[in-house]
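Summary of structural features
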Amino acid sequence: MKPILTGLDLMEIQDEIEIDDLERLMGEIEMLKHLKKDYRELILCNLREEYSELWNRLKRMKDNSTHAKMCYFQLLPYFQSINLEAMISSQFDSQIVKNGWIPAQLSVISGLSGGGKTSLAIMISVVLISGLNPLFPEKGRQKQAKVLYVNLEQATEELEKRAISLFSAMNDVSHGIAYSSLMNAGNLSGEENLRNLKMGSYLYSKFSHNLKILDNSAFDSNDIDDLCKKITAVHNENHYDMVIIDQYSNIKESDEVSERIATTLRNLARELNLPIIVLAQMNKVSQRESMNEHGVIDVNKISGIALKGASALEQQASNVTFILPSGKHKCQYGIEGSVVSIVNKKGRYGSGKQISMLFLSEYNLFVDIDEVDTIKSNNMVQEVFIDEKI
């Protein structure tokens, strides 16, 4: 399969695209025609991973370059609907998972206990199952995806209420219904609160068919083999697009020094050809050693091996992303939230660049920070320009 562009056409996009890589990819796709189904699907899966960066560059260029657009549509049948767009925010999508969630890859989200790991996982789930993030309109809409959420951390009802709270906030941030209010819904009163609850519940009901939650009651045990067996069986019945495991430390024997669990999870991602996200806590030693004199974690002192009891997890994962508190707070949408740093400390596909986001914990919501706004730190309020140093 040769590129449908001429040599002159290819020269016009070579500043952005490695032409040798493009021609090599076309040649490999031509070879697929001569392979039997099983080998063809296996090799195609490998090509999607190997050339994901090239594919995403073509996607970004296609609206501004006729020649890139021609290549894009020639490759589209082989790459379409492969990577799930994150759709979290402009910064998150461009810096943390710039190529989207890639099939057959294991990713880790880590941070302090109560630092936002589950909230981010819920937000990832909500935007995927609905195919939309109204707070990130530049991204538009994508095909609704199906998410299998393995919930080993809390009751399913709690997870559902978090999703309802998030839907209400994404519909109207200024009038969202807080998660804490939903946990005491029997005491909820006021016409506005009840209306916001109704809107959040309605939105969740329209998209919840795309979300399957498996809690502890769904498994014979929390042994990794039992977990994988059940996940595989459920996936084979309904064909999900992503698996999220919340969280690693609740898997039996995860605190032991062994590669078995991490390797099994990586192999599961490859066997199911799905992106798998695992939530994992930081170990206490790394937390203590990375603290600066102000009691705030220094991002530069964190590495992928900071995962609690799971150095092998870092080795097997394609991406290890940390959510870390900055000690600062900010008011946006009329709501005060925590400024957090998000950074890839291992990123085969991310940039490794540190970004700052506002975490509105009451709604399980992460948003980009306004460039100029009010930051509160140590009871002092000042107007500042927000940049990546925060």
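Comments concerning the overall build of the chain
Helix and strand content of the chain: 14 helices and eleven strands. In the chain, which comprises 390 residues, the proportion classed as buried is 52%. When contacts within the chain are restricted to residue pairs at least 6 apart in sequence, those whose partners lie at least 24 apart make up 67%.

A short note on the packing of aromatic side chains
In total, this model carries two aromatic pairs according to the counting rule given. Ring geometry for Phe-167 against Phe-207: centres 5.9 Å apart, planes inclined by 15°, an arrangement best described as stacked. Placement of the pair is Phe-167 in helix H8 (residues 156-171) and Phe-207 in helix H10 (residues 191-207), with a sequence separation of 40 residues. The same class applies to Phe-167 and to Phe-207, which are both buried. Judged by centre distance (4.5 Å) and plane angle (10°), the ring pair of Phe-359 and Phe-366 falls under stacked. Of note, Lys-146 hangs over the ring of Tyr-240, and the distance from its end group to the ring centre comes to 5.2 Å. Stacked on the ring of Tyr-179, the Lys or Arg Arg-162 has its end atom at 5.0 Å from the ring centre.

Observations regarding the packing of helix H11 (residues 224-238) against helix H12 (residues 260-272)
At a minimum axis separation of 10 Å, H11 and H12 run at an interaxial angle of 10°. Comparing the axis directions of H11 and H12 gives the class roughly parallel. On the side of H11, the interface is formed by Ile-224, Asp-225, Cys-228, Ile-231, Thr-232 and His-235, while H12 contributes Arg-260, Ile-261, Thr-264, Leu-265, Leu-268 and Leu-272. Classifying every residue of the contact of H11 with H12 by side-chain character gives seven nonpolar, three polar and two charged.

Quick notes on empty space enclosed by the protein
Under the definition given, this model contains two cavities of 30 Å³ or more. Empty space within the second largest cavity amounts to approximately 40 Å³. Lining the second largest cavity we find Ile-122, Ser-125, Tyr-149, Leu-159, Ala-163 and Leu-211. Elements supplying a minimum of two residues to the lining of the second largest cavity: helix H7 (117-130) and H8. Residue composition of the lining of the second largest cavity, by class: five nonpolar, one polar and no charged.

Here's the deal with the pairing of strand S4 (residues 242-246)
Along S4, five of the five residues are buried, which leaves the element largely enclosed by surrounding structure. Alternating positions in S4 separate into two faces, Met-242, Ile-244 and Asp-246 on one and Val-243 and Ile-245 on the other, with burial throughout. The pairing of strand S2 (residues 147-151) with S4 spans five bridges and is classified as parallel. Following the sheet pairing, Tyr-149 is matched in S4 by Ile-244. Alignment of S4 against strand S5 (residues 276-281), held across four bridges, turns out to be parallel. When the sheet's bridge partners are listed, Asp-246 is paired in S5 with Leu-279.

Side note on the packing of helix H2 (residues 19-32) against helix H5 (residues 66-79)
Two numbers describe a pair of packed helices, the interaxial angle and the distance between the axes. Across the interface, H2 lies against H5 with an axial gap of 12 Å and an inter-helix angle of 45°. The orientation of H2 relative to H5 falls into the category oblique. Crossing hand, H2 versus H5: left-handed. Only Cys-71, Gln-74, Leu-75, Tyr-78 and Phe-79 of H5 make contact with H2, whose side of the interface consists of Leu-22, Leu-25, Met-26 and Ile-29. Class assignment of the residues belonging to the contact of H2 with H5 gives a composition of eight nonpolar, one polar and no charged.

Concerning the environment of Val-147
By secondary structure assignment, the location of Val-147 is in strand S2. Residue Val-147 is classed as buried on the basis of its relative accessible area, which comes to 0%. Taking the C-alpha atoms as reference points, Val-147 and Ile-213, separated by 66 residues in sequence, lie 8.5 Å from one another. Dropping the residues within four chain positions of it, Val-147 is found in contact with Ser-125, Leu-128, Ile-129, Asn-210, Leu-211, Lys-212, Tyr-240, Met-242 and Ile-244.

What to know about the pattern of salt bridges
Taken as a whole and assessed by the stated rule, the structure comprises eight salt bridges. Here Glu-30 and Lys-33 are joined by a salt bridge, their closest N and O atoms 3.4 Å apart. Judged by relative accessible area, Glu-30 falls into the partly exposed class, the value being 27%. The exposure class of Lys-33 is exposed, given its relative accessible area of 53%. One salt bridge in this structure joins Asp-225 and Arg-260, with 3.2 Å as the shortest N-O distance. One end of the pair, Asp-225, is in helix H11; the other, Arg-260, is in helix H12, with 35 residues separating them in the sequence. You can call Arg-260 partly exposed: its relative accessible area is 33%. Among the charged side chains, a network of salt bridges with common partners joins Asp-223, Asp-225, Glu-253 and Arg-260.

What to know about the nonpolar core
Counting residues in hydrophobic clusters, the biggest one holds 56 residues, and the most contacted among them are Phe-92, Trp-101, Ile-124, Tyr-149, Ile-342, Leu-365 and Phe-366. For this core, the leading source of residues is H7, giving nine residues. Excluding anything up to four places from it in sequence, Ile-124 contacts Ile-88, Trp-101, Ile-109, Met-242, Ile-244 and Ile-277. Residues Leu-106, Leu-112, Leu-272 and Val-320 belong to the second largest nonpolar core, which totals 40 residues.

Digging into the confidence of the model for the chain
Residues at a pLDDT of 70 or more form 85% of the chain, whose mean pLDDT is 83. When the criterion is pLDDT under 50, residues 1-10 qualifies, and its contacts beyond four places in sequence or with other chains add up to 21 contacts. Residue range residues 377-390 is modelled with pLDDT below 50. Its contacts to residues more than four positions away, or to other chains, number 31 contacts.

About the criteria used
Residues numbered from 1 in each chain as written. Predicted model: local features only at pLDDT ≥ 70, side-chain atom pairs only at ≥ 80, totals over all residues. Heavy atoms only, no water. Helix = DSSP H or I, 4+ residues; strand = E, 2+ residues; numbered from the N terminus. Buried < 20%, exposed > 50% of the residue type's maximum accessible area, 1.4 Å probe, protein only. Contact = heavy atoms within 4.5 Å. Phe/Tyr/Trp six-rings, centres within 6.5 Å; stacked < 30°, edge-to-face > 60°. Lys NZ or Arg CZ within 6 Å of the ring centre and 35° of its normal. Axes fitted to C-alpha atoms, helices over the stretch in contact; angles between N-to-C directions. Parallel < 35°, antiparallel > 145°, perpendicular 65-115°, else oblique. Nonpolar A, V, L, I, M, F, W, Y, C, P; charged D, E, K, R; others polar. 1 Å grid on protein atoms, 1.4 Å probe; cavity = no way out; pocket = protein on both sides within 12 Å on 5 of 7 lines; lining within 4 Å. Points joined across faces, edges and corners; volume = space filled by probe spheres on them. Pairing = 2+ DSSP bridges. Left-handed = near helix turned anticlockwise from the far one by under 90°. Salt bridge = Lys/Arg side-chain N within 4 Å of Asp/Glu carboxyl O. Core = buried A, V, L, I, M, F, W, Y, C linked by side-chain atoms within 4.5 Å. pLDDT = per-residue confidence, 0-100.

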